Amino acid sequence: MKILYRALLISFVFLFLAGSQMATADSGGLSTFVAVDLVGEAFVRSRETSSKEAQIRGAEVFFAAPIDPVFDGTLGIAAHPEGGVSHFELHEATISSSKLLPYTQIRLGQGFLSIGKLNRVHQHDWPFIEAPKVHTSFFDSEGVNDVLLEGTVNTPTELPLEFTLGVAKGWVYGHAHNEGKRPLVPTHYTRVQSFFELPGGGGLQFAGNYLGRTDSNARRTRLMGLDITAKWREGRALAFFLQSEIWLRQVKNPGVDREDTIGLYVFPQFNVTENVDFGIRGDAYSVLSSKDALGNKIENASSEIVPTVTYKPSEFSTFRLAYSWQLEQRGDEVTRVADSRLQAQITFILGSHPSHDF
Amino acid sequence: MKIRFIIQIMLPVILILISEASASTQLSPPKILVVTSTPDIAWAIREIGGDRVEVQSLLTGREDPHFVDARPDYVAKVSKADVVCSVGLELEVGWLPKVLAKAARRDIQPGGKGYCEFGSKVETLEKPTSPVNRSQGDVHPAGNPHFWLSPSVFAKATREAVDALERVRPELKGAFDARYSEFLRMMLGLETRLQAKLSQSALTGANARYAEYHREFVYFSKSFGLTGVAVLEEKPGLSPSAARLAMVSTQLKAEKVSLVLAATSAPQKLIRKFEELSGLKVAVVPVSVQSNSDFESYPKLLERIVDVLIEASKQNQKRAQ
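Residues numbered from 1 in each chain as written. Chains lettered and ligands numbered in written order. Predicted model: local features only at pLDDT ≥ 70, side-chain atom pairs only at ≥ 80, totals over all residues.

## Examining the overall build of chain B
Working step 1: Counting secondary structure elements, chain B contains 11 helices and eight strands.
Working step 2: For chain B, the spread of C-alpha atoms along the principal axes amounts to about 95 × 40 × 40 Å.
Working step 3: Across the 321 residues of chain B, 45% fall into the buried class.
Working step 4: Counting only contacts in chain B whose residues sit at least 6 apart along the sequence, the fraction spanning at least 24 positions is 65%. (Helix = DSSP H or I, 4+ residues; strand = E, 2+ residues; numbered from the N terminus. Buried ≥ 20, exposed ≤ 12 C-beta atoms within 10 Å, placed from the backbone. Contact = placed C-beta atoms within 7 Å.)

Here it is as structure tokens:
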């Protein structure tokens, strides 16, 4: 409960301070929001001995405003409970511009890398509760966040094309509470995105991604992935939504064979009634290069099925319930249910949330 | 011989093509490319700009402009535009700022010479007099943004587009001003003609009272002498509960109101539910110009709305008798 109180207290203090500035902030165009993400789960069957109690997974305070006629600034601070202690992290502190160069957005500072789909979306805006294994293993439970310099170009062509090129400090990768070490090759990444209009007012966005990094121990990591997002709207409702990513990771340690791992997830979601959606996520994950002592390939796969019901009375609050079955297979061992658990989530947003990407 | 023949035949053709191309370049300067959020303002700008403009609307008129995604094809269209015009008054706040930022063109972002918001020229209705918050629903702090269904208000707001076109192409100021004067006359004439049509119908006096699903007919009703008495939504932008629908249904029966309006983008399941509860036929009307339809132009759209209202009112009055 201490964590809950501290996270909420900090959030509301920030909001109060921002609110007290509103009289002057309006003229400066300051937008402020607090996003709170509560998650609870109960293990019905698990290899773990205890289930997680309901807790605030994250409370995020976000500020955004134009700095001057050319530059915009953002500041985002998030609190997360870890091992009974709440950690405060700088999620975003960026200066950006969409007015410096034609067709080009430039972003400099600390933030989530603009790569893939989930990594570009804040956790409270995900369409499901927990990240799939491919994301937690290849990126992080939340996402890869670093000091970065990034440029995104949208070409003025008939076919929508968006190119992103970025480089990040890369001293750490994923979640860390230390400084890390200077990498031999910093994290670098690119994303190429396009879009097709679909019949009936729908649209399909798809993108190819690449990320590379060589750490201080000469461990070289390469990630290659595809992400797609499709939406059909009917009036106010999102009648159908599809989100999917597939990633291949290659890790090469000095003097050791390369490890190849593949993972994917597919999440179709249907609108049931005005405010209720039903989606089902299917995940798959396998280490392709897994071998036994004799060098024979070991078949292995992890998969998860997660049916999810979402009640969204407005765009500022979400109530979500999900049940997940995790399945494991290794060698000739028969596939079995390893874990199954029930999860619940409540998210709410106070203040002015900026508009989202597609 | 062959080469000589080719030169004799082809050279004049090439010269003609070059001279044609240069003549066309000299005679017709490039068109102003205008991108609008909704097809209604696209129609108005075509009327003002004529063959000097090429206008594209991001929305087709079938969507609810409050609930739209910032699609990448919108970014591609906007990135080529000389002028971008929106309804404004926060109608497109959920998606247009993202599109403009991604298009990354200084001239078409707020404050740029090619940016225009029709709403900035409108004396809005229902502007909150006290601070708003989300417990009140999706309230627009600058006032109701659905002004384009009033010809006179819409015509006045179109001045904002004229100003933007003149900023981008100052040498055409006289031409745009002249066409805007014609446009104003045409729109006021349209309003007068439809007022007359409504006053000749049964939609007058007590019969001119109506209910609506969402507060999007307030400017229309002010122009055409209708009186709004109820809204199906309890709070703007939020779906009404069954209890709310039942309550409004009872109210309309008690007050003998027979006209109920809803846009085609309103949730049809809730509209059907209300019809079952009230026994009234809801007049579901388009509220935007739509290409490839019977209402490709604004006058045709308003004619359609007026005709549907008159017919719905007649049917409901017959049913009541």
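## Structural notes on the overall build of chain A
Working step 1: Along its length, chain A carries three helices and 16 strands.
Working step 2: Considering chain A as a whole, with its 358 residues, one finds that 34% of them fall into the buried category.
Working step 3: Restricting to contacts in chain A with at least 6 residues of sequence separation, those with at least 24 account for 54%.

## Thoughts on the nonpolar core
Working step 1: By size, the foremost hydrophobic cluster in this structure holds 94 residues, and its most contacted members are Ile45(B), Val78(B), Cys85(B) and Ala161(B).
Working step 2: No fewer than three residues from each of domain 1 (32–186) and domain 2 (191–320) of chain B sit in this core.
Working step 3: Residues contacting Val78(B), with those up to four places away along its chain left out, are Val35(B), Val84(B), Val99(B), Leu100(B), Ala103(B) and Ile108(B).
Working step 4: Counting residues in each nonpolar core, the second largest holds 24 residues, with Ile129(A), Leu264(A), Tyr285(A) and Ala322(A) among its members. (Core = buried A, V, L, I, M, F, W, Y, C linked by C-beta atoms within 7 Å. Domains from an automatic or database assignment.)

## So, the sheet that holds strand E1 (residues 32–36) of chain B
Residue and element names in this part refer to chain B.
Working step 1: Read from one edge to the other, the open sheet built from four strands follows the order E2-E1-E3-E4, with strand pairing classed as parallel. Whereas interior strands pair on both sides, the edge strands pair on one side only; in this sheet they are strand E2 (53–57) and strand E4 (115–117). Adjacent strand axes in the sheet meet at a mean angle of 20 degrees when their direction is disregarded. (Pairing = 2+ DSSP bridges. Axes fitted to C-alpha atoms, helices over the stretch in contact; angles between N-to-C directions.)

## Looking at unusual backbone geometry
Excluding glycine, most residues fall at negative phi; most peptide bonds, likewise, are trans.
Residue and element names in this part refer to chain B.
Working step 1: Within the chain, Leu89 stands out as a residue other than glycine whose phi angle is a positive 55 degrees.
Working step 2: Turning to its location among the elements, Leu89 is positioned in the loop between strand E3 (83–86) and helix H4 (96–103).
Working step 3: Given 22 C-beta atoms within a 10 Å radius, Leu89 is considered buried.
Working step 4: Within the chain, Lys256 stands out as a residue other than glycine whose phi angle is a positive 55 degrees.
Working step 5: Considering the arrangement of structural elements, one finds Lys256 in the loop between helix H9 (242–255) and strand E7 (259–263).

## Examining the sheet that holds strand E8 (residues 283–285) of chain B
Residue and element names in this part refer to chain B.
Working step 1: Spatially, the four strands line up as an open sheet ordered E6-E5-E7-E8, and their pairing is parallel. The open sheet has two edge strands, strand E6 (227–231) and E8, and neither has a second partner. Put simply, the sheet's adjacent strands are angled 35 degrees from each other on average, direction ignored.
Working step 2: In the sheet, E7 pairs with E8 via three bridges, with the strands oriented parallel. Looking at the pairing, Ala262 lines up with Val284 of E8.
Working step 3: Against the sheet, H9 contacts strand E5 (209–212) and E6, and its axis sits at roughly 145 degrees relative to E6.

## Remarks on the packing of helix H3 (residues 72–79) of chain B against H4(B)
Residue and element names in this part refer to chain B.
Working step 1: One can describe the packing of H3 onto H4 by two numbers: an axis separation of 8 Å at closest approach and a directional angle of 55 degrees. As far as their axial angle goes, H4 and H3 are oblique. Two packed elements cross with a definite hand, and for H3 against H4 that hand is right-handed. Packed against H3, whose contacting residues are Tyr74, Val75, Val78 and Ser79, the element H4 presents Val99, Leu100, Lys102 and Ala103 at the interface. (Parallel < 35°, antiparallel > 145°, perpendicular 65-115°, else oblique. Left-handed = near helix turned anticlockwise from the far one by under 90°.)

## Structural notes on the confidence of the model for chain A
Low-pLDDT portions of the prediction should not be read for the details of their coordinates.
All names here are of chain A.
Working step 1: Predicted confidence across chain A gives a mean pLDDT of 89, with 89% of residues reaching 70 or more.
Working step 2: Taking the mean pLDDT of every element in chain A, the minimum, 48, falls on helix H1 (residues 2–20) and the maximum, 98, on strand E7 (residues 161–168).
Working step 3: Per-residue pLDDT stays below 50 along residues 1–5; that stretch engages in six contacts with residues further than four places along the chain or on separate chains.
Working step 4: Of the regions scoring below 50 in pLDDT, residues 15–25 engages in nine contacts with residues more than four places distant in sequence or in other chains. (pLDDT = per-residue confidence, 0-100.)

## Quick look at the domain arrangement of chain B
Interface size is commonly expressed as the accessible surface area that is lost when the partners come together.
Residue and element names in this part refer to chain B.
Working step 1: We note that the domain assignment places domain 1 (32–186) and domain 2 (191–320) within chain B.
Working step 2: Once you take the C-alpha centre of each, domain 1 and domain 2 turn out to be 26 Å apart.
Working step 3: Across the boundary between the two partners, domain 1 contributes 24 residues, which contact 23 residues of domain 2.
Working step 4: If you list the elements that add at least two residues to the side of domain 1 that touches domain 2, you get helix H2 (39–49) and helix H5 (151–157).
Working step 5: Broken down by class, the residue content of the side of domain 1 that touches domain 2 amounts to eight nonpolar, 10 polar and six charged. (Nonpolar A, V, L, I, M, F, W, Y, C, P; charged D, E, K, R; others polar.)

## Here we look at the interface of chain B and chain A
Working step 1: Every contact between the two is made by 30 residues of chain B and, on the other side, 29 residues of chain A.
Working step 2: Among the elements of the structure, H3 and H4 of chain B are those that each provide at least two residues to the side of chain B that touches chain A.
Working step 3: The residue inventory of the side of chain B that touches chain A, partitioned by class, reads 13 nonpolar, five polar and 12 charged.

## Structural notes on the pairing of strand E11 (residues 237–252) of chain A
Residues and elements named next belong to chain A.
Working step 1: Across 15 bridges, strand E10 (residues 220–234) lies against E11 in antiparallel orientation. Bridging across to E11, Arg233 finds its partner in Leu238.
Working step 2: The antiparallel pairing of E10 with E11 creates a hairpin that spans two residues between the two strands, and Gly235 there sits at a positive phi of about 60 degrees.
Working step 3: Two elements, E11 and strand E12 (residues 259–273), share 12 bridges in a ladder whose sense is antiparallel. Directly across from Glu245, in E12, lies its bridge partner Tyr265.
Working step 4: Linking E11 back to E12 in an antiparallel pair, the connection comprises six residues, with Gly255 at a positive phi of about 75 degrees.

## Some details on the environment of Arg185(B)
Residues and elements named next belong to chain B.
Working step 1: Position of Arg185 among the secondary structure elements: in helix H7 (residues 173–200).
Working step 2: The class of Arg185 is exposed, set by 11 C-beta atoms lying within 10 Å.
Working step 3: Arg185 sits 33 residues away from Ser152 along the chain, and the two C-alpha atoms are 9.5 Å apart.

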